[in-house]
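Below are the chains, spelled out letter by letter.
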Amino acid sequence: MRKVFDKVIGETDQTMKDYWFVWSNDFEPIRIFHENRQITSALHRRHWKHVDVTNPYTNGENRVEAFFFPITHTPMIRKAELDIDFYLLAKFVATNKIDNYDIVDEPIPQYFKSTGMKDQHFPSVAYQGWAPLE
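For the structure given in this document, a descriptive report is provided here. It should be emphasised that the depicted structure is a prediction, and the values quoted were computed from it without experimental measurement.

### Some points on the packing of aromatic side chains
Now for step 1: Under the definition given, this model contains 14 aromatic pairs.
Now for step 2: Between Phe-5 and Phe-21, the aromatic rings sit 5.1 Å apart at their centres with planes inclined by 70°, giving edge-to-face as the arrangement. Here Phe-5, found in the segment before β1 (7-12), pairs with Phe-21, found in strand β2 (residues 16-23); they are 16 residues apart in sequence, far enough to count as distant.
Now for step 3: By relative accessible area, Phe-5 is classed as buried at 15%.
Now for step 4: Look at Phe-27 and Phe-112: their rings are 4.8 Å apart centre to centre, the planes differ by 40°, and that puts the pair in the tilted class. One end of the pair, Phe-27, is in strand β3 (residues 26-35); the other, Phe-112, is in the loop between β8 (103-104) and β9 (116-118), and 85 residues separate them in sequence.
Now for step 5: Since its relative accessible area comes to 10%, Phe-27 is described here as buried.
Now for step 6: A relative accessible area of 2% places Phe-112 in the buried class.
Now for step 7: An aromatic cluster of at least three residues, connected via ring pairs, comprises Phe-5, Phe-21, Trp-23, Phe-68 and Tyr-101.

### Digging into the side chain of Glu-65
Now for step 1: Along the chain, Glu-65 turns up in the loop between β5 (49-54) and β6 (66-68).
Now for step 2: Accessibility expressed as a relative area gives 15% for Glu-65, which makes it buried.
Now for step 3: A polar contact is formed between the side chain of Glu-65 and the side chain of Arg-78, at a distance of 2.8 Å.
Now for step 4: Apart from the residues lying within four places of it in its own chain, the contact partners of Glu-65 are Tyr-57, Asn-59, Met-76, Ile-77, Arg-78 and Phe-86.

### A short note on the nonpolar core
Now for step 1: Phe-21, Ile-30 and Ile-32 are the most contacted members of the largest nonpolar core, which totals 14 residues.
Now for step 2: Where this core is concerned, the elements lending two or more residues are β2, β3, β4 (38-46) and β5.
Now for step 3: Considering each element in turn, this core owes the most residues, three residues, to β2.
Now for step 4: Filtering out sequence-adjacent residues up to four positions away, Phe-21 remains in contact with Phe-5, Lys-7, Val-8, Asp-26, Phe-27, Glu-28, Ile-30, Phe-68 and Tyr-101.

Calculation criteria
- Residues numbered from 1 in each chain as written.
- Predicted model: local features only at pLDDT ≥ 70, side-chain atom pairs only at ≥ 80, totals over all residues.
- Heavy atoms only, no water.
- Phe/Tyr/Trp six-rings, centres within 6.5 Å; stacked < 30°, edge-to-face > 60°.
- Helix = DSSP H or I, 4+ residues; strand = E, 2+ residues; numbered from the N terminus.
- Buried < 20%, exposed > 50% of the residue type's maximum accessible area, 1.4 Å probe, protein only.
- Polar contact = N/O pair within 3.5 Å; in protein donor to acceptor, adjacent residues only side chain to side chain.
- Contact = heavy atoms within 4.5 Å.
- Core = buried A, V, L, I, M, F, W, Y, C linked by side-chain atoms within 4.5 Å.

Any functional reading would require information beyond the geometric quantities listed.
Structure, rendered in C-alpha cells:
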C-alpha cells in the first residue's frame, strides 16, 4: 500500500474551506466552496494548474471524495457518482480509503501558496498562486 498523508491542515472562512494534505515536504490543497451547507464546487491543482470541479459528487455525509496519485500526491476530485476515471483509479491503484482524519491548525509554507516560479517539482512552471481565503 502507498503512504497516506501525514496530516491535514485546515483553513476556513464563510464560504470556503481549504484542506491542505501534507506529506514530507509536499502540500496539496483542496478548496471546497459551499452555500447554505451544500457543496457547490471544489478546486484542486494538477501540477500547479488549478482545476475547478463544479457540482462535484458528494457522498451520504455531504463530503467530496478525492484520490491522490502515488508519488506526486496530485489530488483528483470525484466528479459524479458514475465517474469511471475516479472509480478505476481508486479500485486498481493500491490505496487506503480514509474516511476520517484530524485537522490541525498550522501555517502553510508560502512556497506552496505564493505566485512565482515553482521548480521544486520537475518540470519548473510559473504559478499564479493560491488565492487567500476571504
